[in-house]
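# Chains, contacts and geometry: an overview
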Amino acid sequence: MTGAALTIRRPLTAGRAFAAVVPPTVVASFIALAVVLAWASVPALFTSYDPAIGVPADKFLPPSLEHLFGTDQLGRDQFARVVFGTQSSVLSALVAVGIGVVVGGAIGLVAGFFAGWTDIALARVVDVLLAIPSFLLAVVIVSALGFQTINAAIATGVSAVAVFARVMRSEVIKTRRAVFVEASALQGGSRGHILFRHVLPNASRSVLTLAVLQFGLSILVIAGLAFLGYGDPPPASDWGLLISSGKDYPRAPWLVLYPALVTVATVLSINRISRWLRKTS
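Bear in mind that the values here come from a model prediction, so they are computed numbers and not experimental data.

## Description of the overall build of the chain
Along the chain, the regular secondary structure elements total 11 helices and zero strands. If you line up the chain on its principal axes, its C-alpha atoms span 80 × 75 × 35 Å. Burial status across the chain gives 41% buried among its 281 residues. Surface exposure of the chain reaches about 15100 Å², of which carbon and sulfur atoms provide 69%. Each charge class in the chain was averaged separately, 21 positive and 12 negative side chains, and the resulting centres sit 17 Å apart.

The structure is reproduced here in structure tokens:
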């Protein structure tokens, strides 16, 4: 073999094969998301402090082994408040995504499958919703419903309906023209059979990937609404509310730093998982 370079390929070990399939950043994102979901499910397992009761003598203590995130102006443990606030922040985001997926998915499914005047009418409704900035629409809706976290979740979900409807509509139109759908119609399959047996399962894949991405965005929007005072009032401990109340005490930066870091880390982890799912789907 003259002038030929000999390339030696090492066999993939189990660890290298796993890393090739699931990148380390995705694994780290899943771990971070699992911790956040555990906080939301069983917050009492992670802290023995009451998030609503503090010791006035311990106010504004910096982070330490006893108080991981320090204490606030009332001597309440900030780590406990972040952990217990996870439940409201995460569950409200799930409600928002659920509204967007169900309502927006249904609109897109009907518009894309039946076409004609149905598609034109529903498309105009979606265009109107898309013309309004999502955060502004959420503010208007929560102002009409009342200042509560559940209302903020509903408002966030309504503001996401148009995005899910547009994605579902485009996927339904593409799937409706597929060969297997046409074959099912030629074999005498009813519209309902084709819609729920063939079109919906194949068109919903992109919508599920979008739902993961929207989950992170919903956390940000709900936190923003809570920051502006549109969520539950104190002594609630939503992440946005913690950041809002902590900004009034610049000499205790941990009151803003740690809730913000948890929020950002959660959203970035969800976005990383969403990008990975989009590439593998």
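More follows now that the structure is in view.
## Examining the environment of G112
Residue position: G112 is located in helix 3 (residues 78-114). Taking the C-alpha atoms as reference points, G112 and E171, 59 residues apart in sequence, are found 8.0 Å from one another.

## A look at the environment of D238
Mapping D238 onto the fold places it in the loop between helix 9 (191-227) and helix 10 (239-246). Here D238 falls in the buried class, since its relative accessible area comes to 5%. Measuring from C-alpha to C-alpha, the distance between D238 and I222 comes to 9.0 Å, with 16 residues separating the pair along the chain. Excluding anything up to four places from it in sequence, D238 contacts G85, S88, S89, T149, A226 and D232.

## So, the packing of aromatic side chains
Considering all chains together, one arrives at seven aromatic pairs under this definition. When the ring of W39 is compared with that of F79, the centres are 5.8 Å apart and the planes differ by 90°; the resulting orientation is edge-to-face. Here F79 lies in helix 3 and W39 lies in helix 2 (residues 24-41), a separation of 40 residues in the sequence. A relative accessible area of 11% places F79 in the buried class.

## Some thoughts on the confidence of the model for the chain
Keep in mind that low pLDDT regions are not for reading the predicted coordinates in detail. Considering every residue of the chain, the mean pLDDT works out to 86; 92% of them sit at 70 or more. Predicted confidence in the chain is weakest over helix 1 (residues 14-21), with a mean pLDDT of 54, and strongest over helix 2, with 94.

## Describing unusual backbone geometry
In this structure, P235 follows P234 across a cis peptide bond, with omega equal to 10°. Turning to its location among the elements, P235 is positioned in the loop between helix 9 and helix 10. A positive phi angle is found at F60, which is not glycine, with a value near 55°. Among the structural elements, F60 can be located in the loop between helix 2 and helix 3. For F60, a relative accessible area of 29% gives the class partly exposed.

## Looking at helix 10
Of all eight residues in helix 10, seven are buried, a share of seventy percent or more. Three or more residues of helix 10 are buried, namely W239, G240, L241, L242, I243, S244 and G246. Of the surrounding secondary structure, the elements contacted by the buried residues of helix 10 are helix 2, helix 3, helix 9 and helix 11 (254-280).

## What to know about helix 6 (residues 149-159)
The buried fraction of helix 6 is high, at eight of 11 residues. Those residues of helix 6 hidden inside the fold are in contact with helix 3, helix 5 (134-145), helix 7 (161-176) and helix 9.

## A short note on the nonpolar core
The biggest cluster of nonpolar side chains holds 36 residues, and the ones touching the most others in it are V82, V172, V199, F215 and I219. Broken down by secondary-structure element, the contributors of at least two residues to this core are helix 2, helix 3, helix 7, helix 9, helix 10 and helix 11. At 10 residues, the largest contribution of residues to this core is made by helix 9. Look past the residues within four positions of V82 in its chain and what remains in contact with it is W39, F69, W239, L242, P259 and V262. L137, V139, L225 and Y230 belong to the second largest nonpolar core, which has 10 residues in total.

## Comments concerning the side chain of H67
Following the sequence through the fold, H67 ends up in the loop between helix 2 and helix 3. Assessed through its relative accessible area of 4%, H67 is described here as buried. Looking at H67, its side chain comes within polar contact range of the side chain of D77, at 2.8 Å. Contact partners of H67, with chain neighbours within four places excluded, come to Y49, L61, P62 and D77.

Conventions adopted
Residues numbered from 1 in each chain as written. Predicted model: local features only at pLDDT ≥ 70, side-chain atom pairs only at ≥ 80, totals over all residues. Heavy atoms only, no water. Helix = DSSP H or I, 4+ residues; strand = E, 2+ residues; numbered from the N terminus. Buried < 20%, exposed > 50% of the residue type's maximum accessible area, 1.4 Å probe, protein only. Areas by Shrake-Rupley, 256 points an atom, 1.4 Å probe, with all protein chains shown as cover. Lys, Arg positive; Asp, Glu negative; His and termini not counted. Charge placed at Lys NZ, Arg CZ, Asp CG, Glu CD. Contact = heavy atoms within 4.5 Å. Phe/Tyr/Trp six-rings, centres within 6.5 Å; stacked < 30°, edge-to-face > 60°. pLDDT = per-residue confidence, 0-100. Core = buried A, V, L, I, M, F, W, Y, C linked by side-chain atoms within 4.5 Å. Polar contact = N/O pair within 3.5 Å; in protein donor to acceptor, adjacent residues only side chain to side chain.

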